[in-house]
Amino acid sequence: SFLGKRAISVKGQSDYAPYFYDNGPGSKNGNMALFSISEDTAVGTHVYVLNGTDPEGDPVRYGLMFEKGSKEYFRVDSKSGNVNLVQELDREIQDEISVLVSITDGRNKVVETVRVLVTDANDEAPKFQNLPFIVDVSEDAAAESSIYRVQAVDKDMGSGGSVSYILQPSPFSKFTIDGHSGILRIKPGETLDYETTPTHFVTVVAKDGGGKYKGRHQVLSSTATITINVIDAQDMPPSFIGTPYFGYIYEVSVPGSEIFTVLARDGDQGNPNPIFYSILDGSDGVFDINGTSGCITVTTYPTLLRKELYEIKVKVKTNASEIGLNDQLQAYAVTTVTVRVVDLNNHPPTFYGENGPQNKFEVTMREHPPAGEILRGFKITVNDSDQGANAKFKLRLVGPSRVLRVVPQTVLNEAQVTIIVEDAAGIDYEKGPTLSFKLLAVEIDTPERFSATADIVINLKDTNDNVPKFTSEYYIGRIPENSPGGSSVVSVTANDPDSGPWGEVKYTIYGSGSDLFHIHSSSGLITTQPWTSLDAEVRSKYNFYIKAEDSEGKYSLAEVFITVLDMNDHPPEFNEDLLEKTMIIGAPVKVEAVDEDAESPNNVIEYSIMTADPDNAFEINTDTGEIMLKPFIKSMEIVQNITKEKECRWSLVVQARDRGSPSFSTTAVVNIDITETPLKGPMAAFLLRSRDNPMKALGMVIGIISVLVGVTVFISTAIYMRNAKSNRIAPVRRIIKRRPKDQQPWTFRMPIIKFSNPADKFLIDNPELGLQQSSGSPWPKPPPPSAPCLPPPPPSNTRVSEWQRAVPTISGALVSRGSKKAKSSRRKEGNISSALVSELKLKLEQKINENNQGYY
């Protein structure tokens with residue numbers, strides 16, 4: 001027929017989507033994945049070749065698309081795949097371009113999103129910030145002091161983005177600039193003078209570190225002018241610095257000993273006037289002051305002093321003729337110096353080493369000494385030559401908190417200093433190869449509070465005290481199935497803070513399924529083995545362990561979970577391309593296709609009728625594949641009116657299509673014989689539903705038999721238990737009346753299903769109706785089930801007064817009875833299973849009553 005030829009023509013056809021070649025990083029041939037382009041590439045340059053193929057060998061065409069609103073930087077020749085640059089690139093504006101690349105064979109189209117990286121070229125010159133540069137500097141600014149900071153920014157990356165600064169040379173320049181920070185300073189030895197030069201102009205040059213641009217190396221620079229305005233210092237009278245003043249006289253002082261030095265400055269700092277010191281009052285003739293330095297000295301022995309406290313008024317003045325003040329008396333200042341006579345405390349604490357006084361102690365040791373250990377590399381003694389309370393002081397360490405402690409903490413005159421480890425974790429080479437502390441000795445209970453300081457330096461030696469640690473306890477990777485060998489899956493990282501070989505980490509991989517993967521021993525990149533081809537239909541989940549190990553075998557573990565992503569690479573398949581089905585009017589027939597893909601929606605199938613002869617007679621459930629006649633077709637008369645074929649054999653082409661992307665489909669020709677079942681009722685409906693599955697009907701029969709046998713055993717056991725209990729009080733002599741041997745047992749015979757003709761699958765063999773099984777049937781007739789046999793019945797002359805002893809059971813087979821009318825009436829009362837159980841129960845009760853009357 002025409003439909004049969006059409007089915008042969010489509011048999012075995014499949015159409016696979018084209019795909020791009022994956023040529024790996026650095027390649028300029030493939031799908032533009034991992035492709036990068038320098039921003040100085042000229043417009044019109046050929047930069048890439050899109051390259052792919054079609055599994056069926058059909059010619060392919062290529063395409064490029066860009067996101068809406070973005071520039072179209074590339075253009076592709078659809079036939080050759082040659083990609084040219086059509087827009088000028090600027091990494092500083094856009095450093096990444098999103099491109100949609102496509103490949104099509106005319107029927108199927110594959111679109112992929114790739115990101116093209118724009119690499120840097122040295123095309124940007126440094127640009128100064130915050131222009132113009134105008135600086136105001138007081139004329140009394142000290143030499144080498146910083147007065148301003150210039151800043152320039154270069155948008156390039158790498159050396160092309162680094163900026164250094166220089167000043168254009170000038171023979172009279174008083175300034176210098178730091179090449180890295182851009183801080184402008186006054187040159188060493190130079191001073192500013194407002195009267196000589198009130199304004200300075202300095203030209204600063206900012207240049208980058210250089211880089212390639214269009215194939216050649218270039219260095220770019222910018223210049224700016226700094227205007228420096230010198231500010232004249234204000235004219236002010238002199239003033240004392242550091243007030244209030246306190247001085248002390250000790251008992252060992254001699255005439256001429258320095259007590260205190262006062263300090264005053266003229267207000268005109270740019271051009272200071274000479275100042276002079278003098279004592280106005282309070283010296284009692286025992287103190288003197290140096291007129292130019294301000295140093296106060298004692299003129300007699302302290303033992304001759306009559307007071308313990310002196311208040312000396314000191315005056316400082318300057319020459320007012322240069323100040324411009326009207327009254328010369330205004331060009332002076334007065335302060336008070338308080339002098340106390342105290343007992344001798346003229347020896348501060350002093351630290352000693354093996355060779356005398358020492359203010360720095362150094363030792364080299366391994367990291368992480370145990371807590372409580374004494375650092376024996378130090379030999380420190382502290383001493384204060386004073387006596388009594390003046391020789392009492394405290395020791396303490398200043399540095400990282402609670403790492404070390406010093407013993408003793410309170411010292412009188414002299415002590416051996418011991419340093420003890422308090423926190424071993426704080427002495428860690430990875431936190432710093434050197435630990436520095438300050439050891440302080442500070443007097444207590446003295447007004448002077450003399451002190452001494454020594455530097456404690458600990459140089460640490462590294463040990464292998466760290467285990468490599470992964471940045472995560474587990475890593476998750478995903479890879480499409482059928483990816484080529486060597487494809488990247490996931491990258492893992494472990495860190496070991498130890499130095500040298502101890503800090504070098506080596507990665508290994510092991511566990512179930514790990515033989516399909518490879519890990520780079522130093523980078524931690526996990527890839528598939530070169531020979532590996534993963535298939536989600538075979539296995540879609542892998543997990544194994546990775547180890548990070550240092551040179552001494554210390555290691556840590558992490559777990560890797562890899563998911564193989566299912567791709568739609570299997571079309572749906574029917575069992576046969578030509579299916580033969582027998583359809584009973586009012587019941588559907590089912591076709592089924594299988595898709596070997598692993599996941600939804602790739603393995604979800606939708607069914608549809610492509611063509612049918614005759615048209616508009618069938619409909620199909622798109623999800624289950626059940627084919628049924630249109631609702632208006634309810635009898636064979638309607639069927640025969642639709643078609644001219646007397647055999648009522650119809651054909652249709654059914655398509656099974658999966659829901660993957662791209663979607664695959666296949667077709668099969670279904671030949672359907674239309675017939676009409678003679679059976680009615682629930683049993684017929686069940687047989688219609690299970691006609692394509694004979695094992696289901698057989699299972700139903702076995703289930704009914706099992707229920708019957710179970711009921712029989714339960715009733716027999718109950719009767720036996722009751723009779724056994726009554727035997728304990730029955731008389732010793734018993735006569736049991738047995739059933740005559742010629743009594744025929746009743747039998748049960750199940751209907752038999754015939755399979756000689758597809759339309760006869762649902763006919764029931766019933767001897768009483770005259771239906772005979774075809775001799776040509778390939779299925780053998782199963783034997784009828786039988787119940788356990790009953791024991792012989794007791795004699796009829798039983799005595800009612802005695803208790804029963806026999807265990808009655810039932811044996812026999814059920815026979816099919818009555819006509820079709822009787823069968824239909826039984827179906828109306830219930831299904832076959834309930835009818836059989838009811839009949840069996842009735843027979844059983846009759847036999848029990850009969851046997852119970854047989855005891856006498």
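Each chain has its residues counted from 1, running along the sequence as written. Totals for whole chains, interfaces and linings use all residues, but because this is a predicted model, local features are given only for residues with pLDDT of at least 70 and pairs of side-chain atoms are given and counted only at 80 or more. Computation of side-chain values: all heavy atoms of the structure, hydrogens and water removed.

- The protein is annotated in an unreviewed UniProt entry as Photoreceptor cadherin from Takifugu rubripes.
- UniProt positions are given in the numbering used here, feature names are shortened, and annotations may be inferred rather than shown by experiment. As stated in UniProt under Subcellular location (unreviewed entry), the record for the protein gives "Membrane".

### A word on the overall build of the protein
Alright, step 1. Where helices and strands are cited, they refer to DSSP runs of H or I of at least four residues and of E of at least two residues respectively, numbered from the N terminus. Within the protein one finds 6 helices and 62 strands.
Alright, step 2. A simple rule labels every residue: compare its accessible area, found with a 1.4 Å probe on the protein chains alone, to the largest value its type can have, and call it buried under 20%, exposed over 50%, or partly exposed in between. By the burial criterion, 39% of the 856 residues in the protein qualify as buried.
Alright, step 3. Whether two residues touch is decided by their heavy atoms; if any such pair falls within 4.5 Å, the residues are in contact. Considering only residue pairs separated by 6 or more positions, the protein has 67% of its internal contacts joining residues 24 or more positions apart.
Alright, step 4. Under the convention used here, a 1.4 Å probe and the Shrake-Rupley method define accessible areas, while residue burial counts only the protein chains that appear. As displayed, the protein offers around 48100 Å² of accessible surface, 51% of which is attributable to carbon and sulfur atoms.

### Observations regarding the confidence of the model for the protein
Alright, step 1. Per-residue confidence from the predictor is given as pLDDT, running between 0 and 100. On average, residues of the protein score 78 in pLDDT, and 77% of them reach the 70 mark or higher.
Alright, step 2. The low-confidence segment residues 1–12, where pLDDT is below 50, has 10 contacts with residues more than four positions distant or belonging to other chains.
Alright, step 3. With pLDDT under 50 throughout, residues 321–329 is counted as low confidence; its partners more than four residues away or in other chains account for 9 contacts.

### Re the sheet that holds strand 33 (residues 360–366)
Alright, step 1. If you walk across this open sheet you meet the 5 strands as 33-40-39-35-37, and the pairing is mixed. The strands lining the two open edges of the sheet, one partner per strand, are strand 33 and strand 37 (410–412). Along the sheet, successive strands turn relative to each other by an average axial angle of 25°, direction set aside.
Alright, step 2. Strands qualify as paired when DSSP identifies two bridges or more between them. In this sheet, strand 40 (residues 451–461) lies alongside strand 39 (residues 434–443) in antiparallel orientation, the contact comprising 9 bridges. Across the sheet, Ala-441 pairs through a bridge with Ala-452, a residue of strand 40. Inter-axis angles, ranging from 0 to 180 degrees, are taken between N-to-C directions of lines fitted to C-alpha atoms, where helices are fitted over the stretch in contact.

### Focus on the nonpolar core
In a soluble, globular protein the nonpolar side chains are often hidden away together inside.
Alright, step 1. Definition of nonpolar core: a set of buried residues of the types Ala, Val, Leu, Ile, Met, Phe, Trp, Tyr and Cys, connected through side-chain atoms within 4.5 Å. Within the largest apolar cluster, 29 residues are counted, with the highest numbers of intra-cluster contacts made by Phe-351, Leu-404 and Ile-458.
Alright, step 2. Taken together, the elements giving at least two residues each to this core come down to strand 33, strand 34 (380–383), strand 35 (392–398), strand 36 (404–407), strand 38 (414–421), strand 39 and strand 40.
Alright, step 3. For this core, the element with the highest residue contribution is strand 40, accounting for 5 residues.
Alright, step 4. Counting residues in each nonpolar core, the second largest holds 27 residues, with Phe-574, Ile-605, Ala-617 and Leu-629 among its members.

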